[in-house]
Amino acid sequence: MDRHPTVEATAEDIASMEIRGAATIGAAAAAALREQAESSDAETPEAFRAELRAAARRLHETRPTAVSLPNSLRYVLRRMDGTDVPALRSSVVDAATAFEVRLDRAQSQLGAIGANRLQDGDVVMTHCHSTDALACVEAAVEQGKHVEAIVKETRPRLQGHITARQLREMGVPVTLIVDNAARRYLDDADHVLVGADAIAADGSVINKIGTSGLAVNARERGVPIVVAAQTIKLHPATMTGHTVEIEMRDEREVVDDEERATIGGIEVENPAFDVTPPRYVDAIVTESGQFPPESIVTLMRELFGDGVADPWLDPEER
Ligand SMILES: O=P(O)(O)OC[C@H]1O[C@H](OP(=O)(O)O)[C@H](O)[C@@H]1O
């Protein structure tokens, strides 16, 4: 069997952002590997392993920035073990399921830790849509705290609308603003609360484009910047000096072809993420506790000290 249709569909949905958000992408990738394993008709262990690696490669090539995707694939493929196909299959199924359970548990632990930073009556300003960041607000609300939110709409994909909807479902009063209004409304905010697609070893935060400008403005206004990021957002390759690739997305997300033609010959750039240096970040909240950005490398060494091989590559390519 070649790639399972679910792998292909998941890959397409990640690329088109039908499936989006770093944690959600990681969970979807693990589920797709499980589907591939469950339906595999490989007759030899080698064929099974090759199939799983091919599926992981397809998922890996979809979006380059959120490290939860390779961390998810790594988690599952490293646990692929056995001398026959049934054993290999069940190791992959178990690993994918364990990964999903871990994600859920990590997010609720992180939420409880992040909620401690929020006081009754606080106002948070959000950027984009982060399930990790929202877990902090949800836990605070469940503790009985009244929290309000100023939600940046987040051009060009308007993920702020998802954030606004989910906050309303929690009963949180929401003020939606355009991105350009953020500085004006920072005076009304007690925290900037964002997620992350990747955290580098020096504590830099790679998150939705606009995060770094927001952080600089928040620092100037004296508003603390909190990043909610479970440990699958830690980018192990940055420990050895690799940089994080910033995804450039389709120009038509910024301006459609018709409008562009009326403007005349212009260049359009659409980076999906930017890098916020650690000096603009007050705390990174993970399921293992909260850290000043500069000390996140200690946690990274603990979690990824055993190396960061890419198990989706064929053995001869590694
Ligand atoms: O894992 P959670 O916290 O849900 O999301 C983390 C981050 O993923 C999103 O990226 P995109 O919308 O997929 O480009 C945002 O940048 C968000 O902060």
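Residues numbered from 1 in each chain as written. Predicted model: local features only at pLDDT ≥ 70, side-chain atom pairs only at ≥ 80, totals over all residues.

If you look the chain up in an unreviewed UniProt entry, it shows as Ribose 1,5-bisphosphate isomerase from Halomarina oriensis. Under the heading Catalytic activity (unreviewed entry), UniProt records this for the chain: "alpha-D-ribose 1,5-bisphosphate = D-ribulose 1,5-bisphosphate". (UniProt positions renumbered as here; feature names shortened; annotations may be inferred.)

Trainee: Help me understand the overall build of the chain in this model?
Mentor: Looking only at helices and strands, the chain has 11 helices and 10 strands in total. The globule rule puts the C-alpha radius of gyration for 318 residues at 20 Å, and the 20 Å found for the chain is close to it. The C-alpha extent of the chain, read off along each of the three principal axes, is 65 × 50 × 40 Å. A burial count over the chain gives 45% of its 318 residues as buried. Within the chain, contacts between residues at least 6 apart in sequence are counted, and of these 75% link residues at least 24 apart. (Helix = DSSP H or I, 4+ residues; strand = E, 2+ residues; numbered from the N terminus. Rg over C-alpha atoms; globule rule 2.2 N^0.38 Å. Buried ≥ 20, exposed ≤ 12 C-beta atoms within 10 Å, placed from the backbone. Contact = placed C-beta atoms within 7 Å.)

Trainee: Where do I start with the sheet that holds strand β7 (residues 225–228) in this structure?
Mentor: The pairing of strands in a sheet comes from backbone hydrogen bonds and takes either a parallel or an antiparallel form. Judged by pairing direction, the sheet is mixed, and its seven strands sit side by side in the order β3-β2-β1-β4-β7-β9-β10 without closing on themselves. Either end of the sheet is taken by a strand with one partner, and the two such strands are β3 (174–177) and β10 (289–291). Pairwise comparison of adjacent strand axes, ignoring direction, gives a mean angle of 25° for this sheet. Where helix α7 (residues 160–169) meets the sheet, its contacts fall on β1 (123–126), β2 (148–152) and β3, and the angle it forms with β2 comes to roughly 165°. (Pairing = 2+ DSSP bridges. Axes fitted to C-alpha atoms, helices over the stretch in contact; angles between N-to-C directions.)

Trainee: Can you walk me through the UniProt feature "binding site: substrate" (unreviewed entry) in the chain in this structure?
Mentor: The sites that UniProt annotates as "binding site: substrate" (unreviewed entry) are R20, G21, A22, A23, R63, N207, K208 and K233. These residues run over 214 residues, yet every pair of their C-alpha atoms falls within 14.4 Å of each other. Checked against the element boundaries, A23 lands in helix α2 (residues 22–39). Looking at the element boundaries, K208 is found in strand β6 (residues 205–208). Under the C-beta neighbour-count criterion, K208 is labelled buried, with 24 such atoms within 10 Å. Aside from chain neighbours lying at most four places away, what touches K208 is H127, C128, T154 and F273.

Trainee: Would you take a moment to explain the site of the ligand for this structure?
Mentor: As a matter of local geometry, the ligand sits amid 16 residues, with G21, A23, S130, T131 and G195 nearest to it. For the shell around the ligand, the secondary-structure elements that each account for two or more residues are α2, α6 (131–142) and β6. Broken down by element, the shell around the ligand gets its largest block of residues, three residues, from α2. Split by residue class, the shell around the ligand holds five nonpolar, seven polar and four charged. Here the shell around the ligand gathers at least three residues from each of two domains, domain 1 (5–109) and domain 2 (116–304). (Near = placed C-beta within 6 Å. Nonpolar A, V, L, I, M, F, W, Y, C, P; charged D, E, K, R; others polar. Domains from an automatic or database assignment.)

Trainee: Is there a simple way to think about helix α4 (residues 68–78) in this case?
Mentor: Among the 11 residues of α4, 10 are classified as buried, and the element is accordingly described as predominantly covered. By the burial criterion, the buried members of α4 are S68, L69, P70, N71, S72, L73, R74, Y75, V76 and L77. If you follow the buried residues of α4, they end up packed against α2, α3 (45–60) and α5 (85–115).

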